[in-house]
Amino acid sequence: MREQVSVLIEEERLAARLQELAAQINEEYAGKKIHLICILKGSVFFTCELAKYIKVPVTMDFMSVSSYGDGVTSSGYITINQDLTMDIRDREVLIIEDIVDSGRTLAYLYHMLKKREPASLRICTLLDKPEKRISDVEIYYTGFEIEDQYVVGFGLDYAQRYRNLPYIGVLSLDEIG
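Each chain has its residues counted from 1, running along the sequence as written. Local features in this predicted model are restricted to residues whose pLDDT is 70 or higher, and side-chain atom pairs enter the listing and the counts only when it is 80 or higher, whereas totals over whole chains, interfaces and linings include all residues. Where side-chain values are given, they derive from all heavy atoms of the structure, hydrogens and water being excluded.

A. Summary view of the sheet that holds strand β2 (residues 34-40). Pairing is mixed across the open sheet formed by six strands, whose spatial order is β4-β3-β2-β5-β6-β7. In the strand order of this sheet, the two ends are held by β4 (79-82) and β7 (141-145), each with one partner. Recorded for the sheet is a direction-independent mean angle of 25 degrees between the axes of neighbouring strands. Sheet analysis places strand β3 (residues 58-66) next to β4, joined by three bridges and oriented antiparallel. Paired with Val65 across the bridge in β4 is Ile80. Contacts from helix α2 (residues 44-51) reach β2, β3, β5 (92-100) and β6 (120-128), with the element oriented near 155 degrees to β2. Relative to the sheet, helix α3 (residues 104-114) contacts β2, β3, β4, β5 and β6, its axis offset from that of β5 by approximately 170 degrees. Whether two strands pair depends on DSSP finding at least two bridges between them. Secondary structure follows DSSP: runs of H or I at least 4 residues long count as helices, runs of E at least 2 residues long count as strands, and numbering of each begins at the N terminus. Here an angle of 0 to 180 degrees is reported between the N-to-C directions of two axes, which are lines fitted to C-alpha atoms, with helices fitted over the stretch in contact. Residues are treated as being in contact if the distance between any of their heavy atoms lies within 4.5 Å.

B. Expanded view of the packing of helix α1 (residues 11-28) against α2. Running from N to C, α1 and α2 point in directions that differ by 60 degrees, and their axes come no closer than 9 Å. Taken together, α1 and α2 sit at an angle that is classed as oblique. Pair α1 / α2 crosses with right-handed handedness. Here Leu18, Leu21, Ala22 and Ile25 of α1 come into contact with α2, specifically with Phe46, Glu49 and Leu50. An angle below 35 degrees is read as roughly parallel, one above 145 as roughly antiparallel, one from 65 to 115 as roughly perpendicular, and any other as oblique. Definitions for this section: a left-handed crossing has its near helix turned counterclockwise from the far helix by less than a right angle. A right-handed crossing has that turn clockwise.

So, in structure tokens, the structure goes:
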């Protein structure tokens, strides 16, 4: 099996969109503190880069949630590998996700966190695949809507590889021989 990655969203376009998202967040959270929840591992690049442009006071925590394993499709089984270390009660909370496709993981996570009584709870995703949606989930901030392709780069991986690419690329798996 040969793997090939073709560029879908260039580094410059990513940076420009992150600045636009941050400007919207700055406006809507003006005068407030915001608590970012980075969903590991895929969202770490997005969260860190976005946070650089957010001007309101920010705190940050991390969760590790999985439904993929090493495959290219969701298993449908959701596992919390690492929970939050900070209490989110009465905080303005923004969940930062790398990609939303079926929405199952994020819907589960949203309802779990809502029970912890944050002042507000919104979702921000870098990439959205609305045509893949199975679970109803409200995404408040979206970087890019994309078609149903397997994407890597800027934190997104295939079997833990390609996260370090500075752009979003489409992964193709070709048979050899």
